[in-house]
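Remarks on the overall topology
For reference, the chains in residue letters:
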Amino acid sequence: MANIAAGKAVADAVRTSLGPRGMDKMLSTANGDVIITNDGATILNKMEVLQPAAKMLVELSKSQDIVAGDGTTTVVVIAGALLRQCQILLGMGVHPTVISDALHKASEKAVEVLTAMAVPVELSDRESLVKSASTSLNSKVVSQYSSLLAPLAVDAVLNVIDPARPNSVDLRDVKVLKKLGGTVDDTEMIKGLVFDHKASHTAGGPTRVENAKIGLIQFQVSPPKTDIEQNVIVSDYTQMDRILKEERNYILGMIKKIKATGCNVLLVQKSILRDAVTDLSLHYLAKAKILVVRDVEREDIEFISKTLNCLPIANIEHFRAEKLGQADLVEEIHVGSGSIVKATGIKNMGRTTTILVKGSNALVLDEAERSLHDALCVQTCSILSDTPERIFHANDLKFRISRAAANLSNFQHDYLELLGGGAPEIEVSRQLGAWAKTLHGMESYCVRAFAEALEASCVPIVDVVPYTLAENAGLNPISIVTELRNRHANGEVNTGINIRKGQITNILEENVVQPLLVSTSAISLATECVRMILKIDDIVSTRCGYVQVIFDSYIADVVE
């Protein structure tokens, strides 16, 4: 019971963030940073959860983010509702194993119902893809910009799909770059390459190069160092001059080899061993009219080389013309209070794209980036079959896409689309309720409890999708859910809760749609998590290298 109570507490913490009218959370981190968001994965990731069972719901949200990229709040709210119903069944004396087995059957039946409700949509239908992305964005802080961000997310994903390898989509090929200045309306997709660095201005180096030949180097254009830490003491001025002369000749020789290949733009990877470039090398590079971009991160090397269709060069002896990338123009552009370097007109450009997100402050920028992550993942789900192998997220979009790397399988030329607005949940609840009447014994009670948890009308305290959507929108949840259930019982399966109008309407006509994978994974993962919690009858802690099991009744007997 303690585990169930802890799980419900976590679900209640994020319940108010569900839906387009859900409330936002202000998170204050230990270092004083402030985050404003209503993204379930972000909220739970920043929460300090200590109870072991409650941590399982935090991991549940992360699992949903990995599988579908969206629905991270929904999955936790569903799990909380299932835990509440399990608590009622346990109070009636039903054994946890019986409840667990019944929940498993009910979730499989729910997925079947959802799949039957789904509508196939051709991937060539860009308008339908934009609708699903807009549905994901409408519940975010930056929902007013959904008309701009949704098409960007769709075009970004379609741009990175390789027709020769239709079974794989890699969202590491979509780079999201944040820049302070302007508004979210100024966000744009750039077909080219953008660096969040300004070009080197040392000794008047160039900031604009046409017909660029771009070299990507992983070695240092600086004097070499000894392999071990040593101090060389030189007291003779003649020897000091000789050392400086040798350094100049060494650097000048490297730059002559670079210039001989025709390279006029140099991208230098950041080095931790010694300075990647020095003032002297930058001076010579400026004299050679070579534009220099310093401190390129190691994790960006693969993206840059794929975009420019060039090879990273690890040694000056391997610097050859055939390893260079080519672009029509590379220039430094002032954006807000800083600068970026943009390369456009890239020859033989790889299937990558860059989205430049702008905002008036860091809070808006971060939330726009997180929202764009969810929209991109929704598009990724849209081209999946029901059960992807896995989506790997990386780099947290600095919180996550740039935190979404996705190796996806089973690409289809059409995908399954599902309605939103609580319509799928209420229909699943209705059909499960009818199915429960055909079952016998405790299994029937458990399946009915599963249906009630999804609907949240029979037990008003249960906080789940239709009930919570109406509650968060300021509507009367009991009357709204009752009317919605009645409309579905009369065969109007496309009706859902219209948050904007505050009433029940045909949700398909309102263009509120989402990928099937988001809903099916939410129900499956939530059920799996609840079943695991039900099977736990005690918490075992390990201390000082041995297992210490605490049984209150046993201790009481020993004391007596």
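Below: a short report on this structure. (Residues numbered from 1 in each chain as written. Predicted model: local features only at pLDDT ≥ 70, side-chain atom pairs only at ≥ 80, totals over all residues. Heavy atoms only, no water.)

Pairing of strand β6 (residues 192-195) with strand β11 (residues 338-346), which is carried by 4 bridges, proceeds in the antiparallel orientation. By the bridge assignment for β11, V194 is matched with K342. Sheet topology places strand β10 (residues 325-335) next to β11; 8 bridges connect them, and they run antiparallel. Across the sheet, I333 pairs through a bridge with I340, a residue of β11. The antiparallel hairpin formed by β10 and β11 contains 2 residues in its connecting segment, where G336 sits at a positive phi of about 60 degrees. (Pairing = 2+ DSSP bridges. Helix = DSSP H or I, 4+ residues; strand = E, 2+ residues; numbered from the N terminus.)

Read from one edge of the open sheet, 3 strands run β4-β12-β5, paired in mixed fashion. The sheet is open, and its two borders are formed by β4 (174-180) and β5 (188-190), each paired with just one other strand. In this sheet, adjacent strand axes meet at a mean angle of 25 degrees when their direction is disregarded. Judged from the 3 bridges that link them, β5 and strand β12 (residues 353-359) form a sheet pairing that is antiparallel. Bridged to M189 within β12 is I355. (Axes fitted to C-alpha atoms, helices over the stretch in contact; angles between N-to-C directions.)

Turning to the pattern of salt bridges, a few remarks are in order. Summed over all chains, the structure comprises 18 salt bridges. The closest approach of N and O atoms between R84 and D12, which form a salt bridge, is 3.7 Å. In this pair, R84 is assigned in helix α4 (residues 72-91) and D12 in helix α1 (residues 2-15), connecting sequence segments 72 residues apart. Among the residues examined, D12 registers a relative accessible area of 36% and is labelled partly exposed. A salt bridge links E188 to K358; its shortest N-O distance comes to 4.0 Å. Taken together, the residues E188 in strand β5 and K358 in strand β12 connect sequence positions 170 residues apart. With relative accessibility at 14%, the residue K358 sits in the buried group. (Salt bridge = Lys/Arg side-chain N within 4 Å of Asp/Glu carboxyl O. Buried < 20%, exposed > 50% of the residue type's maximum accessible area, 1.4 Å probe, protein only.)

Strand direction decides the pairing type here: strand β1 (residues 25-28) and strand β2 (residues 34-37), joined by 4 bridges, are antiparallel. By the bridge assignment, L27 is partnered in β2 with I35. Between β1 and β2, which pair antiparallel in sequence order, lie 5 residues; one of them, G32, sits at a positive phi of approximately 95 degrees.

This next bit is on helix α16 (residues 516-534). Here α16 is 19 residues long and its end C-alpha atoms lie 27 Å apart, about the 27 Å a rise of 1.5 Å per residue gives. Of all the 19 residues making up α16, 15 are buried; the element is thus mostly covered by neighbouring parts of the structure. (Expected span 1.5 Å × (residues − 1).)

In short, the description is geometric, and any link to function would need to be established separately.
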